[in-house]
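Coordinate analysis (summary)
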Amino acid sequence: MDRGYAYYKKAFEGIPKPFAYVDLDLFDENTRNILKRAGSKNLRIATKSVRSVALLKRILHRSPVFCGVMCFSPQEAIYLVKQGLDDIVMGYPVWEPSALSSLAELIRRGKSVTLMVDSIAHIEHLERIAARHGVRFPVCLDMDMSMDVPGLHFGVWRSPIRTVAEAEPVVERILSSRMVMLDGVMGYEAQIAGVGDHYPNSGPKNRLVQTLKRRSVRQVASKRAALVAMIEDAMGAPLRFVNGGGTGSLHTTVLEEAVTEVTVGSGFFAPALFDNYKDFRYLPAAGFAVEIVRQPSEQLYTCLGGGYAASGAAGKDKLPKPYLPAGASLMPLEGAGEVQTPVKYEGEEPLTLGDPVFFRHAKAGELCERFNHLYGVSKGKIVEKITTYRGDGQCFL
């Protein structure tokens, strides 16, 4: 499914720039490949990596293996329930009382919404809200899956629960409560799922990261198995779900016997950061186009806009990546700018004022925060106009 500059230029001829798009053929192929990698596990969609109700439904309708979604905002969860989605796990703790009250009302109406917790303080807070509304909150216990090595915290700072011993008092508190019930557990191995290990011209660093990942895979599996065993022994029954991983760790997380489902999100769009993984490759299914408005020199073209940087620690890898035509690159002293993005071009396609330059965002769903809709293209033609959360009038985080 190779797509060149001429393919997209023709497909989007006459469309005012800037615009964002999703190649539905590639999107569907990524979905099929993710399903193949799932093995016997269910898959939960990370909504932050998609941010479009229509595309979430497109994935969910593909297979019953897609068991539900993991949301990043309580307001988002409320909105998705109104759009007909169910089996929602909050990816992060919610504290805001008004948001918890709204989620309590969803649960009262029989909707499946599971809240994330990692402390007794979370439990006590949820109990107060639950008692007020006469409901029992299903909760998911989040365990930190990072790994410490001398001089390095390999992972991200999430849950304060880092060992089974630290989890025990929180589990006991949940099991003794009449206002909350333990529905599942999760642990996100960000140091495996979210860290590239195959960057160009970075051999020594790649080898170090690959070594750390292999060690961390073993540690994560052991820690998660011990946690699940402790909890299910205390409960005397199995958990409804054990969640782990992300797109970047799908191939290792599915091997864990204790895991019942893996969260996936970025693989559907396959943003630029996902070019830098050794063990898998998905197809570049989403991007945006900006218009050439100046030509300061023979090999330099200046585009209007384009400065859509990704979140996280600032660095060159968080900038959007010139994609097509092949041979385009950012200028190191300007990067992608608020109102102008100069591009050095050393390719073979003839370019002129008004032509598009296609970019890929560094991350997946964040692109949708910049555009009201994505043009859905299939077989060389625009076949639909797909609204994003922003296009639906929604702004969550």
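As the structure is a computational prediction, the values presented were derived from the model and not from experiment.

**Overview of the sheet that holds strand E5 (residues 113-117)**
If you walk around this closed barrel you meet the eight strands as E2-E3-E4-E5-E6-E9-E10-E11, and the pairing is parallel. Adjacent strand axes in the sheet meet at a mean angle of 30 degrees when their direction is disregarded. Where strand E2 (residues 42-46) and strand E11 (residues 261-264) come together, four bridges link them in parallel fashion. The residue of E11 that forms the bridge with Arg 44 is Thr 263. Along the sheet, helix H4 (residues 74-82) makes contact with strand E3 (66-71) and strand E4 (88-90), crossing E4 at roughly 175 degrees. Across the sheet, helix H7 (residues 164-175) is in contact with E5, strand E6 (137-142) and strand E9 (180-187); its angle to E9 comes to roughly 150 degrees.

**Looking at the UniProt feature "domain: Alanine racemase N-terminal" (unreviewed entry) in the protein**
Under the feature "domain: Alanine racemase N-terminal" (unreviewed entry), the UniProt entry names residues 22-202. Taken end to end, residues 22-202 is 40% helix and 23% strand, and its two terminal C-alpha atoms sit 31 Å from one another.

**Here we look at the pattern of salt bridges**
As enumerated under the stated definition, the model contains 23 salt bridges in all. Here Glu 261 and Arg 44 are joined by a salt bridge, their closest N and O atoms 2.6 Å apart. With Glu 261 in strand E11 and Arg 44 in strand E2, the pair connects residues that are 217 residues apart, well separated along the chain. The class for Glu 261 is buried, based on a relative accessible area of 3%. Here Glu 105 ties to Arg 108 by a salt bridge, and the two come within 3.3 Å at their closest N and O atoms.

**Description of H7**
Three or four residues apart is the spacing at which side chains of an α-helix point the same way, because the helix has 3.6 residues per turn. With 12 residues, H7 ought to run about 16 Å at 1.5 Å a step, and its terminal C-alpha atoms sit 16 Å apart, in line with that. Those residues of H7 lying buried are Ala 167, Val 170, Val 171 and Ile 174. An end-on view of H7 places all buried positions within 105 degrees of arc, on one side of the element. Exposed positions of H7 whose direction lies more than 90 degrees from the buried face are Ala 165 and Glu 172.

**Examining the packing of H7 against helix H9 (residues 203-235)**
Here H7 crosses H9 at 30 degrees, and the two axes come no closer than 11 Å. In terms of their interaxial angle, H7 and H9 are classed as roughly parallel. Crossing of H7 over H9 shows right-handed handedness. When H7 is examined against H9, the residues Val 164, Ala 167, Glu 168, Val 171 and Leu 175 are found in contact with a partner set consisting of Lys 223, Ala 226, Leu 227, Met 230, Ile 231, Ala 234 and Met 235. Among the residues forming the contact of H7 with H9, the class breakdown is 10 nonpolar, no polar and two charged.

**What about the pairing of E9?**
With seven of its eight residues buried, E9 lies for the most part within the structure. Note: E6 against E9, six bridges, orientation parallel. Looking across to E9, one finds that Cys 140 is bridged to Gly 184. Inspection of the sheet shows E9 paired to strand E10 (residues 241-244) by four bridges, in the parallel sense. In the sheet register, Gly 187 faces E10, and the bridge partner there is Gly 244.

**Description of the packing of aromatic side chains**
Counted according to the given criterion, the structure contains 26 aromatic pairs. Ring geometry for Phe 19 against Phe 358: centres 6.4 Å apart, planes inclined by 70 degrees, an arrangement best described as edge-to-face. Highlighted residues: Phe 19 in strand E1 (residues 19-23) and Phe 358 in strand E17 (residues 356-360), separated in sequence by 339 residues. Judged on exposure class, the residue Phe 19 and its partner Phe 358 are both buried.

**Observations regarding unusual backbone geometry**
The omega angle of the peptide bond from Lys 17 to Pro 18 is 5 degrees, so this bond is cis rather than trans. Mapped onto the elements of the fold, Pro 18 is located in the loop between helix H1 (5-11) and E1. In this model, Leu 324 is joined to Pro 325 through a cis peptide bond whose omega is 5 degrees. Relative to the elements of secondary structure, Pro 325 occurs in the loop between strand E14 (321-324) and strand E15 (328-330). At Asp 87, a residue that is not glycine, the phi angle is positive and equals roughly 55 degrees. Along the chain, the position of Asp 87 falls in the loop between H4 and E4.

What counts as what
- Residues numbered from 1 in each chain as written.
- Predicted model: local features only at pLDDT ≥ 70, side-chain atom pairs only at ≥ 80, totals over all residues.
- Heavy atoms only, no water.
- Pairing = 2+ DSSP bridges.
- Helix = DSSP H or I, 4+ residues; strand = E, 2+ residues; numbered from the N terminus.
- Axes fitted to C-alpha atoms, helices over the stretch in contact; angles between N-to-C directions.
- Contact = heavy atoms within 4.5 Å.
- UniProt positions renumbered as here; feature names shortened; annotations may be inferred.
- Salt bridge = Lys/Arg side-chain N within 4 Å of Asp/Glu carboxyl O.
- Buried < 20%, exposed > 50% of the residue type's maximum accessible area, 1.4 Å probe, protein only.
- Expected span 1.5 Å × (residues − 1).
- Arc of directions from axis to C-beta.
- Parallel < 35°, antiparallel > 145°, perpendicular 65-115°, else oblique.
- Left-handed = near helix turned anticlockwise from the far one by under 90°.
- Nonpolar A, V, L, I, M, F, W, Y, C, P; charged D, E, K, R; others polar.
- Phe/Tyr/Trp six-rings, centres within 6.5 Å; stacked < 30°, edge-to-face > 60°.

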